[in-house]
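Listed below, chain by chain, are the residues.
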Protein chains: 2
Amino acid sequence: MSNVPNVNSFEFLAASCKALSHPARLEILQTLALRGTCICGEIVDVMPLSQATVSQHLKVLKDAGLISWENDGQKSCYCINNETIRVLREKIEGLFGSLDNCC
Amino acid sequence: MSNVPNVNSFEFLAASCKALSHPARLEILQTLALRGTCICGEIVDVMPLSQATVSQHLKVLKDAGLISWENDGQKSCYCINNETIRVLREKIEGLFGSLDNCC
DNA sequence: ATCGTTTATCGTCGATATACGATATAAGTA
DNA sequence: TACTTATATCGTATATCGACGATAAACGAT
């Protein structure tokens, strides 16, 4: 949890949701969720966006801590950061989990 | 579900996350989750923002379908739209639910 | 060393978000 | 009818986003 930014208060949840607030980034996450791991080029191939734009979206996800990456030679290997996703899901359940039975 | 906008594809999830992507709006939702129902003025009193700004945030949440409201005389009564929240949580689980065991 | 490949970053620009004061609207009250 | 209260909207200023071409940086291959 120490490597997850801004875990407390609403800052973390707001920042995470902001990172999730673009369809292209959700598509990237889905791709990573399905494949486990992707090099940048694979993601670019899947997306109808320029390499620069995809790289920018990857950076947003990276900065939010939602994905991790490591260099494999000249390639960049991305995967979902499960710890952050876990905390995110917890926060969402914490906020909305009590609503099931009301209204 | 018919009154929930853009339920299919990532558009709904992205739009919902965008609405959730500001700490002030999360605080509004938390207040509503705790109290069940609030008139606008109660929310304004809780927030360190101007009435105009709070009203604008409420509009964002309203437009995203995350909250409902009805007029009570000259007052506006807001509450969480549980149906949208339910769909939202489903979509998030759909995207990330399979990650529990990996990496 | 030079060249091609892969990825990240820069610079730019139109669009959108955020905040607030001012104002409009609508409902209750004297 | 005037006055107050409650809320929404308008107008505006500033900041951030999202897209892309151009370029930089790092690596592998010849």
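See the structure shown above.
Residues numbered from 1 in each chain as written. Chains lettered and ligands numbered in written order. Predicted model: local features only at pLDDT ≥ 70, side-chain atom pairs only at ≥ 80, totals over all residues. Heavy atoms only, no water.

J.: I keep staring at the protein's contact with DNA strand C and nothing clicks. Help me out?
T.: Taken together, 22 residues sit near DNA strand C, with Gly41(A), Gln51(A), Gln74(A), Tyr78(A) and His57(B) positioned nearest. The share of sugar and phosphate among atoms of DNA strand C within 4 Å of the protein is 62%. Contacts to DNA strand C include Gln56(B), whose side-chain N or O atom sits 3.0 Å from a base nitrogen. Contact between DNA strand C and His57(B): a phosphate oxygen at 2.6 Å from a side-chain N or O atom of the residue. For the surface near DNA strand C, the secondary structure elements donating two or more residues are helix H3 (40-46), helix H4 (51-63) and strand S3 (75-80) of chain A together with helix H4 (51-63) of chain B. (Near = heavy atom within 4 Å. Polar contact = N/O pair within 3.5 Å; in protein donor to acceptor, adjacent residues only side chain to side chain. Helix = DSSP H or I, 4+ residues; strand = E, 2+ residues; numbered from the N terminus.)

J.: Sorry if this is basic, but what is going on with the protein's contact with DNA strand D here?
T.: Taken together, 22 residues lie near DNA strand D, and His57(A), Gly41(B), Gln51(B), Gln74(B) and Tyr78(B) sit nearest. Counting only atoms of DNA strand D within 4 Å of the protein, the sugar-phosphate share comes to 57%. The side chain of Thr53(A) places a nitrogen or oxygen atom 3.1 Å from a phosphate oxygen of DNA strand D. In the model, a phosphate oxygen of DNA strand D is placed 3.1 Å from a nitrogen or oxygen of the Ser55(B) side chain. The set of elements that each furnish at least two residues to the surface near DNA strand D consists of H4 of chain A together with helix H3 (40-46), H4 and strand S3 (75-80) of chain B. Class assignment for the residues of the surface near DNA strand D results in six nonpolar, 12 polar and four charged. (Nonpolar A, V, L, I, M, F, W, Y, C, P; charged D, E, K, R; others polar.)

J.: Can you help me understand the sheet that holds strand S1 (residues 38-39) of chain A in this one?
T.: Sheet strands pair by backbone hydrogen bonding; their relative direction is either parallel or antiparallel. Residue and element names in this part refer to chain A. With antiparallel pairing, the three strands of this open sheet are ordered in space as S1-S3-S2. Of all strands in the sheet, those bounded by a partner on one side alone are S1 and strand S2 (67-72). Two elements, S2 and S3, share six bridges in a ladder whose sense is antiparallel. The residue of S3 that forms the bridge with glutamate 70 is cysteine 77. Relative to S3, helix H2 (residues 23-35) is tilted by about 85 degrees, and along the sheet it contacts S1, S2 and S3. (Pairing = 2+ DSSP bridges. Contact = heavy atoms within 4.5 Å. Axes fitted to C-alpha atoms, helices over the stretch in contact; angles between N-to-C directions.)

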